[in-house]
Structure formats: C-alpha cells, structure tokens
Amino acid sequence: MLSGQACVWSVPLATAPTAPPSDPSLYAVGWSQTGIASWYGEPFHGRTTAAGGTYDMDEISAAHQTIPFGTWIRVDNLDNGRSIEVDVNDRGPFVRGRILDVSRAAARALGMIGPGTARVRITIIEAANAVSARGGCVVVQVAAYRERRSADAKRQAVARAGFEASIEPYGDMYRVVAGPFADEPAADRAREALGGFMRRC
C-alpha cells in the first residue's frame, strides 16, 4: 500500500477539495470532485499497490483515498485544459489537501510533471462492478496504456505467463486483459500472478 509521495512540492493550494461520499456505493457515473492532484514515481515504482498489483510509474494509473478500485475516471487539469481517462488502482494521496495521486505517465499526459501538482476535476465515467463468485465470465484487467505498442508488449508478457490475453480499446486508452475465466477463483489466481483487478466481461 502506497502511503507517500515520490516528490514533495510546495505549491499553494488554490482549490479546496470537495468531500467524497461516505458510502462507496454512491460512487456512480457522473460523480465529480475538484481539488489538488499530485504524482508519484520513485521509490514506489515496482511496489505492490493497495489493489494488489505492481505499481508501474510508466503506466497510466491513479490513487484515490476512497474511490473503489476498478473505477474509471476522467481527470481534467484545470490549469492547462488537458485531460485523460484512468482507472483507480491504489490508495492515496496522504498529503492534506490533495485528492488524487497519478502515475508519472499520467502526470506527463496531464502536463504536470514540472509543476508537480495541478488543480483538477475528477469525474467518474465508469463505475466499478462487483465480481460475483457464482460464476460467469470474468476477466482480469492487468493494465491500461495510451500507446498501442505498450499495450501490445504487455499483452505478449501476459501470454508468455501462460494466460489468454487481449487488448480492449477504451476511448483513447488500450486495456490489457487476461481471460476470460469461468469463475472468480480462477480469475483471482491470475490476478495474484499478474496484478490488476477482476471485472465482468
């Protein structure tokens, strides 16, 4: 579980963060929050995320204190107008007054590497879905990339690990998924080996 910042920045807060709902089930499509985002890289690169995967600062990902894992959000940089879509797979930030930590790759896409922080608005565009243990079609979403070649490389790595792998285009992102699996236990074994999170097909 990541619990800090790779870099400590002294940018004054210009936006007071809005409070998240106390009930995780209230995180529906369209829910929005504004505040300060930061980014994290070393020394957390390669460590285990709160969702159980491996943090890769060169993949597009984000950490939020309470948004359920597997939720897709749009992050709008209010300082420069840039935006990205990213999935939440970690917990943080743990610096008072900040609402979101993004990976270095996400920070680069948002144009916030240099400043270190940015005023952002996050909006849920796809709510997390609970995976049932009763069976059915389940996949493990291993990673998401902005560049197809990065997704192809990850798909090949998943295949070399012995799992069926594919790429799902999603907006301007490419999701790498393993599976499908017939039930949750099988998918969970793949998740333990590959990282990421489970979701329905």
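For the structure, check the block above.
What you see is a predicted model; the values in this text were computed from it and never measured.

What counts and what doesn't
Residues numbered from 1 in each chain as written. Predicted model: local features only at pLDDT ≥ 70, side-chain atom pairs only at ≥ 80, totals over all residues. Heavy atoms only, no water. Buried < 20%, exposed > 50% of the residue type's maximum accessible area, 1.4 Å probe, protein only. Helix = DSSP H or I, 4+ residues; strand = E, 2+ residues; numbered from the N terminus. Pairing = 2+ DSSP bridges. Polar contact = N/O pair within 3.5 Å; in protein donor to acceptor, adjacent residues only side chain to side chain. Axes fitted to C-alpha atoms, helices over the stretch in contact; angles between N-to-C directions. Core = buried A, V, L, I, M, F, W, Y, C linked by side-chain atoms within 4.5 Å. Contact = heavy atoms within 4.5 Å.

(A) A look at the pairing of strand β4 (residues 83–90). Summarising burial for β4: six of the eight residues are buried, a large majority. Of the strand pairs in this sheet, strand β2 (residues 62–63) and β4 are connected by two bridges, and their pairing is parallel. Note on β4: the bridge partner recorded for alanine 62 is valine 88. Strand direction decides the pairing type here: strand β3 (residues 72–77) and β4, joined by five bridges, are antiparallel. Bridging from a neighbouring strand, tryptophan 72 pairs with aspartate 87 of β4. The antiparallel pairing of β3 with β4 creates a hairpin that spans five residues between the two strands, and glycine 81 there sits at a positive phi of about 85 degrees.

(B) Structural detail: the environment of glutamine 65. Along the chain, the position of glutamine 65 falls in the loop between β2 and β3. For the pair formed by glutamine 65 and aspartate 101, sequence separation is 36 residues and the distance between their alpha carbons is 9.3 Å. Among the polar contacts made by the side chain of glutamine 65, one reaches the main-chain carbonyl oxygen of proline 93 at a distance of 2.5 Å.

(C) Region of the structure containing the sheet that holds strand β10 (residues 197–200). Taken together, the four strands give an open sheet; going across it, the order is β8-β9-β7-β10, and neighbouring strands pair in antiparallel fashion. The open sheet terminates on both sides in strands that have one partner only, identified here as β8 (165–170) and β10. On average, each strand axis in the sheet is tilted by 40 degrees relative to the strand beside it, whichever way the strands run. Where strand β7 (residues 138–145) meets β10, four bridges bridge the pair, whose relative direction is antiparallel. Bridge pairing in β10 links valine 138 to arginine 200.

(D) Layout of the nonpolar core. Among the nonpolar cores identified, the biggest contains 28 residues, and Ile73, Val75, Leu100, Val102, Met112 and Ile122 are the most heavily contacted of them. Listed by contribution, the elements that provide at least two residues to this core are β1 (32–40), β3, β4, β5 (98–103), α1 (104–110) and β6 (117–126). Excluding anything up to four places from it in sequence, leucine 100 contacts Ile36, Ala37, Ser38, Ala62, Ala63, His64, Ile73, Val75, Pro93 and Ile122. Judged by nonpolar contacts, the second largest core, of 17 residues, contains Val140, Val158, Val176 and Ala186.

(E) Spatial organisation of the sheet that holds β1. Taken in spatial order, the six strands close into a barrel running β1-β5-β2-β4-β3-β6, and their pairing is mixed. In this sheet, β5 lies alongside β2 in antiparallel orientation, the contact comprising two bridges. Bridge pairing in β5 links alanine 62 to valine 102.

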